Amino acid sequence: MSAAPTPGHPWLVADIGGTNARFGLLTRPGGRPGRIAVLPVAEFDGLAAAVEHYLTHHGGGVRAAAASLAIAGPVHADRYRLTNASWSGSVSALGIAHVELLNDFEALALALPHLGAGELASLGGPEPAPYMVKAVLGPGTGLGVAGLVPARSGWVPVPGEGGHVSAPVVTDLEFEIVRALRADGMSFVDAEHLLSGPGLVRLRHGLALVEGTPVAPLPASEIVARLDDSLCARTVEVFCGLLGSFAANVALTLGAHGGVYLGGGIVPRMVNRINGSDFRRRFEANLVLSGYLTGIATTAIVAEQPALTGAAAWLAQRMSGLGTPAAPSSPRPSPAGPVNSPAPSRPSGAGTADASAPSPPSSSGIADAASQASHEARSTAS
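Rules behind the numbers
Going along each chain's sequence as written, the residues are numbered from 1 onward. Under the rules for a predicted model, residues below a pLDDT of 70 receive no local features and side-chain atom pairs below 80 are neither given nor counted, while totals for whole chains, interfaces and linings still include all residues. Each side-chain value is worked out from all heavy atoms of the structure, with water and hydrogens disregarded. We call a residue buried when its accessible area falls under 20% of the maximum for its residue type, exposed when it is over 50%, and partly exposed in between, using a 1.4 Å probe and counting protein chains only. For the purposes of this entry, the term helix denotes a DSSP run of H or I that reaches at least four residues, the term strand denotes a run of E that reaches at least two, and both are numbered from the N terminus. When DSSP finds two or more bridges between two strands, those strands count as paired. Pairing of aromatic side chains here covers Phe, Tyr and the six-membered ring of Trp, requires ring centres within 6.5 Å, and sorts the geometry by plane angle: under 30 degrees stacked, over 60 edge-to-face, intermediate tilted. Nonpolar cores are built from buried Ala, Val, Leu, Ile, Met, Phe, Trp, Tyr and Cys residues. Side-chain atoms within 4.5 Å join them into one set. Throughout this description, the term salt bridge denotes a Lys or Arg side-chain nitrogen within 4 Å of a carboxyl oxygen of Asp or Glu. In this description, the arc belongs to the directions extending from the helix axis to the C-beta atoms. Pairs of residues are marked as contacts when any of their non-hydrogen atoms sit within 4.5 Å.

Engineer: Please explain the pairing of strand 8 (residues 98-103) as it appears in this structure.
Structural biologist: Across the six residues that make up strand 8, a large majority, six, are buried. Burial of the side chains of strand 8 extends over both faces: His98, Glu100 and Leu102 are buried on one face and Val99, Leu101 and Asn103 on the other. Pairing of strand 4 (residues 66-71) with strand 8 involves six bridges; the strand directions are parallel. Paired with Ala66 across the strands is His98, a residue of strand 8.

Take a look at the structure:
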């Protein structure tokens, strides 16, 4: 294993999405990434070109001693493929001695224990239960889903491709929108097709088809911003209802008593609108297990670049050869939105468990096995 990061030989962390690639550098374990830059994916031929550009133009020409790269798509061993962009290949092309690959929502899940109250905003429900399974999901260019399981050594991330499950349609209007989209040429509509930036565009188009008033397309950012446009407002309402049902499905699947956290590129920009929508009612609206869902918190992640924090925590863990550092459960955010205290906790960087932390639930043995399987599924690039 390489030595700890230094200013001359820092660790590189990245969150690579379908639209933007976010980079940062760590000069000491336990710190948060600095020199953060956001590069448009479409402007580069591939990951190696983007990394080289970042290190040269934003990193002061340093060479990274190690890297942790969160990818919006499947990863296996040293290979990656972006789901919503053309980048794919092996991280061996980067010329970095030690590279960790993980899914972008796996990295977002790893960030959860390190986020403070000022980086979170309540979307309803009680306080998250400490040291219980957490879930994270988020609409952006696509729809990501992951879990975080408490283990004897701290936390174990559980990546997946839950954004591609069936669309969580419930109301008559939602069924009509899906039927209209299928009649308009979409042979299959999954959750990501509706709950994402492109999904907002499709929802507005489908709603216009249902109402018999076709309109020119608008980008997702304008749909969210046009508060005085009735079609855009109804589109956002449908989006929030679908998001509530989808979040409930994730909570039930993972048993996420530690809370369901919503990130991605869209949610932080519309926290107030989600809180004023049907989101939480739809989250709890289960005829069999409504009480179960009522007891689960829903929270928006409003931190800047949280996946970089998770990627940094993962690299610190892997470079130390120890388990993920145990950390107190994230403080409960204010129901009115983000608050400014207490200060966010930081990854320990040393990779050791917090001796003062209470023991996790007895299911930790299962999580330890999951951790071992997760570690075996990865390999480092040399």
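Structure shown, so let's carry the discussion forward.
Engineer: What is the right way to read the packing of aromatic side chains from this model?
Structural biologist: Any aromatic ring pair is given by two values, namely how distant the centres are and how the planes are angled relative to each other. Scanning all chains against the criterion turns up two aromatic pairs. Taking 5.1 Å as the distance between ring centres and 20 degrees as the angle between the ring planes, the aromatic pair formed by Phe23 and Tyr54 counts as stacked. Of this pair, Phe23 sits in strand 2 (residues 20-26) while Tyr54 sits in helix 1 (residues 47-57); the two residues are 31 residues apart in sequence, bridging distant segments of the chain. Ring plane angle 10 degrees and centroid distance 5.9 Å describe the contact between Tyr131 and Trp155, whose orientation is recorded as stacked.

Engineer: Is there a simple way to think about the nonpolar core in this case?
Structural biologist: Nonpolar side chains in soluble globular proteins tend to be buried together. Counting residues in hydrophobic clusters, the biggest one holds 50 residues, and the most contacted among them are Leu137, Leu194, Leu243 and Val260. Top contributing element to this core by residue count: helix 7 (residues 230-254), with 13 residues. Residues Ala37, Leu39, Ala72 and Val91 belong to the second largest nonpolar core, which totals 29 residues.

Engineer: Would you explain the pattern of salt bridges in this entry?
Structural biologist: Side-chain pairs of opposite charge can arise whenever the charged atoms involved come near each other. Taken as a whole and judged by the stated rule, the model has nine salt bridges. Among the salt bridges present, the one from Glu119 reaches Arg32, with a minimum N-O distance of 2.8 Å. One end of the pair, Glu119, is in the loop between helix 2 (104-111) and strand 9 (120-122); the other, Arg32, is in the loop between strand 2 and strand 3 (34-40), with 87 residues separating them in the sequence. Assessed through its relative accessible area of 12%, Glu119 is described here as buried. Taking the shortest distance from any N to any O, the salt bridge between Arg281 and Asp278 comes out at 2.8 Å. For Asp278, a relative accessible area of 24% puts it in the partly exposed group.

Engineer: Just checking my understanding: could you explain helix 1 for this structure?
Structural biologist: Each full turn of the α-helix corresponds to 3.6 residues, which orients residues three or four apart in the same direction. Of all the positions in helix 1, only Leu47, Ala50, Val51, Tyr54 and Leu55 are classed as buried. Considered in projection along helix 1, the buried side chains sweep an arc of 125 degrees and stay on one side of the axis. Those residues of helix 1 that are buried are in contact with strand 1 (11-16), strand 2, strand 3, strand 4 and strand 6 (79-81).

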